[in-house]
Amino acid sequence: MYNEIKLTEMKGLIFQTYIDYLVTSYGEELKDFILRDANAGDRESYDAMGTYPFSSLSAVVGQTHKHTEISVSDVLESYGHYLFSILATSYAKYLGEGIDLFGFLESLEDHVHVHVNQQFPDASLPSFTYERIDEDNLKMIYESERAMADFGIGMIKGSAEHFGKQVEISKKDLTIEQDGKEVELWVKIIHD
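Just so you know, these numbers come straight off a predicted model, no measurement behind them.

Description of the packing of aromatic side chains
Okay, so step 1: Scanning the model with the defined rule gives 13 aromatic pairs in all.
Okay, so step 2: When the centroid spacing of 5.7 Å and the interplanar angle of 75 degrees are considered together, the rings of F15 and Y52 count as edge-to-face. Here the residue F15 occupies a position in helix α2 (residues 12-26), and Y52 occupies one in strand β2 (residues 51-53), the gap between them amounting to 37 residues. Both residues of the pair, F15 and Y52, count as buried.
Okay, so step 3: Aromatic side chains Y18 and Y79 sit 4.9 Å apart centroid to centroid with 70 degrees between the ring planes, which places their arrangement in the edge-to-face category. On the criterion of sequence distance, the pair formed by Y18 in helix α2 and Y79 in helix α5 (residues 72-90) is long-range, its members being 61 residues apart. The exposure classification of Y18 matches that of Y79, with both residues buried.
Okay, so step 4: An aromatic cluster of at least three residues, connected via ring pairs, comprises Y18, Y21, Y26, Y79, Y82 and F151.
Okay, so step 5: Here R146 stacks its cationic end above the ring of F54, 5.6 Å away from the centre of that ring.

Definitions and cut-offs
Residues numbered from 1 in each chain as written. Predicted model: local features only at pLDDT ≥ 70, side-chain atom pairs only at ≥ 80, totals over all residues. Heavy atoms only, no water. Phe/Tyr/Trp six-rings, centres within 6.5 Å; stacked < 30°, edge-to-face > 60°. Helix = DSSP H or I, 4+ residues; strand = E, 2+ residues; numbered from the N terminus. Buried < 20%, exposed > 50% of the residue type's maximum accessible area, 1.4 Å probe, protein only. Lys NZ or Arg CZ within 6 Å of the ring centre and 35° of its normal.

In structure tokens:
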């Protein structure tokens, strides 16, 4: 029961930064319409350390799609890219000298997520497994009950930008139900 409850919740920091993303991407007025129609509060309604229903975030993302006519997957990817730029400051030691894009991505499970869990002990994070094919290709398996692989793709693109790399990412749903809870992501570095 505890895991079921945990998987249906999100940390307030995600809500706060999503609202900031709405303002940055679409402006204050459209942000207000989206939050109103999703029956969500404003930024001050969410404490960064607090825990809130995942369904509330889904509603806000759904309303973003409805108001902008941008697909939910593109909204999630764009938000992931935005959030990476915000979180890069907090996780600078994992992005510093001597590490490359694939090294960073491969450190998510054992370093970054460990750090996140120290800050937010009740956070429920996706899991990743990796297979480095060669210096330009990395296969990642994303697993999460929340099925937000597109958000992860946005985070990967944000990290690639941080490292000065251009990437192409393909995805393949590995579940029989095609529900996005287990997705293969193929990250390829593109050389000019």
